[in-house]
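So you can see what is in the structure, the chains are spelled out below.
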Amino acid sequence: LAKTTQPISMDSYEGQEVNITCSHNNIATNDYITWYQQFPSQGPRFIIQGYKTKVTNEVASLFIPADRKSSTLSLPRVSLSDTAVYYCLVGDTGYKLSFGAGTTVTVRA
Amino acid sequence: EAQVTQNPRYLITVTGKKLTVTCSQNMNHEYMSWYRQDPGLGLRQIYYSMNVEVTDKGDVPEGYKVSRKEKRNFPLILESPSPNQTSLYFCASSSDYSPYEQYFGPGTRLTVT
């Protein structure tokens, strides 16, 4: 499994866009990039997944450059309820996921 | 409602007393996994199962057993719990056509004294 590096924490304010960048320099050809969100005392929740370029859903966007050595999760116009830990995962099999420490995003009023 | 359920949600036990944490999903998912979460260590995979009767070790399998006799159930067994197994445990499942989209249960907080 490719090792990922992401910031430990980020602060933001309501209404702002939050961008979390994850580094995965040794990503393999068959690897997909997946992001999860976790609120305190709850199980993680799948946000988005991508392989290359850009993926967008109703919650977030995922930007993946051509070399795929990094990816950026973009959360548009965050609210207080977006305060959570965000995990970047890289792998070629969905059933064997490796969660790192994640990025704690704190949204302030 | 599509969901993953775990029981019990909270458990306090003593060292050496065998226990089982049950996990059940109603989505007909092929894949199921168990994770433990500890402060500063993130989520670590204990065991996973790709289908009935097919299980494999994750990153931290020592001290745990699992079985997958039915597709919907994936119990986690601690034969002789120790204090270092005090943790928050999550069960998860995902489908064969969308394996990266795992659905997590509500968690089981286990304390071993």
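Visitor: I would appreciate a short explanation of the sheet that holds strand β8 (residues 76–78) of chain B in the present structure.
Guide: Strand pairs in the sheet, formed through backbone hydrogen bonds, run parallel or antiparallel to each other. Residue and element names in this part refer to chain B. Here four strands make up an open sheet; going across it, the order is β1-β3-β8-β7 and the pairing antiparallel. Both edges of this open sheet fall to β1 (4–7) and β7 (65–66), since each of them pairs with a single strand only. Relative to β8, β7 is paired through two bridges, and the arrangement is antiparallel. From the neighbouring strand, Val66 faces β8, where its bridge partner is Leu76.

Visitor: How should I be thinking about the pattern of salt bridges in this particular structure?
Guide: A side chain of one charge can pair with a side chain of the opposite charge if their charged atoms are brought near each other. Residues and elements named next belong to chain B. Evaluated as defined, the whole model comprises six salt bridges over all chains. Put simply, Lys18 and Glu79 hold a salt bridge, and the shortest N to O gap is 3.9 Å. One end of the pair, Lys18, is in the loop between β2 (10–13) and β3 (19–25); the other, Glu79, is in the loop between β8 and β9 (87–94), and 61 residues separate them in sequence. Among the residues examined, Lys18 registers a relative accessible area of 52% and is labelled exposed.

Visitor: Please explain the interface of chain B and chain A as it appears in this structure.
Guide: Where the parts come together, the accessible area they lose is often given as the size of the interface. Listed by partner, the interface residues are 21 residues for chain B and 21 residues for chain A. The contact between chain B and chain A buries some 1,700 Å² in all, and 54% of this surface belongs to carbon and sulfur atoms. When the buried surface of chain B facing chain A is broken down by residue, Leu43, Tyr100 and Phe104 of chain B rank first, second and third, together holding 40% of it. Linking chain B with chain A are zero salt bridges. Put simply, chain B and chain A have five residue pairs in polar contact (both at pLDDT 80 or more) between them. Those elements that place two or more of their residues in the side of chain B that touches chain A are β4 (31–38) and β5 (42–51) of chain B. A class-by-class count of the residues in the side of chain B that touches chain A yields ten nonpolar, seven polar and four charged.

Visitor: I'm lost on the state of the cysteines in this one. Help?
Guide: The bond known as a disulfide is covalent and runs between the sulfur atoms of two cysteines. Per the stated rule, a full pass over the model turns up two disulfides over all chains. Between the sulfur atoms of Cys22 of chain A and its disulfide mate Cys88 of chain A the distance is 2.2 Å. In this structure the cystine formed by Cys22 of chain A and Cys88 of chain A twists about its S-S bond by roughly -80 degrees; its chirality is therefore left-handed. Note that Cys22 of chain A is positioned in strand β2 (residues 18–23) and Cys88 of chain A in strand β8 (residues 84–91), a separation of 66 residues in sequence. Just as Cys22 of chain A is buried, Cys88 of chain A falls in that class too. Disulfide pairing is shown between Cys23 of chain B and Cys91 of chain B; the S-S distance is 1.8 Å. In this structure, the disulfide formed by Cys23 of chain B and Cys91 of chain B twists by about -70 degrees around the S-S bond and is classed as left-handed.

The rules we used
- Residues numbered from 1 in each chain as written.
- Chains lettered and ligands numbered in written order.
- Predicted model: local features only at pLDDT ≥ 70, side-chain atom pairs only at ≥ 80, totals over all residues.
- Heavy atoms only, no water.
- Pairing = 2+ DSSP bridges.
- Helix = DSSP H or I, 4+ residues; strand = E, 2+ residues; numbered from the N terminus.
- Salt bridge = Lys/Arg side-chain N within 4 Å of Asp/Glu carboxyl O.
- Buried < 20%, exposed > 50% of the residue type's maximum accessible area, 1.4 Å probe, protein only.
- Contact = heavy atoms within 4.5 Å.
- Buried area = accessible area lost by both parts, 1.4 Å probe.
- Polar contact = N/O pair within 3.5 Å; in protein donor to acceptor, adjacent residues only side chain to side chain.
- Nonpolar A, V, L, I, M, F, W, Y, C, P; charged D, E, K, R; others polar.
- Disulfide = S-S within 2.5 Å.

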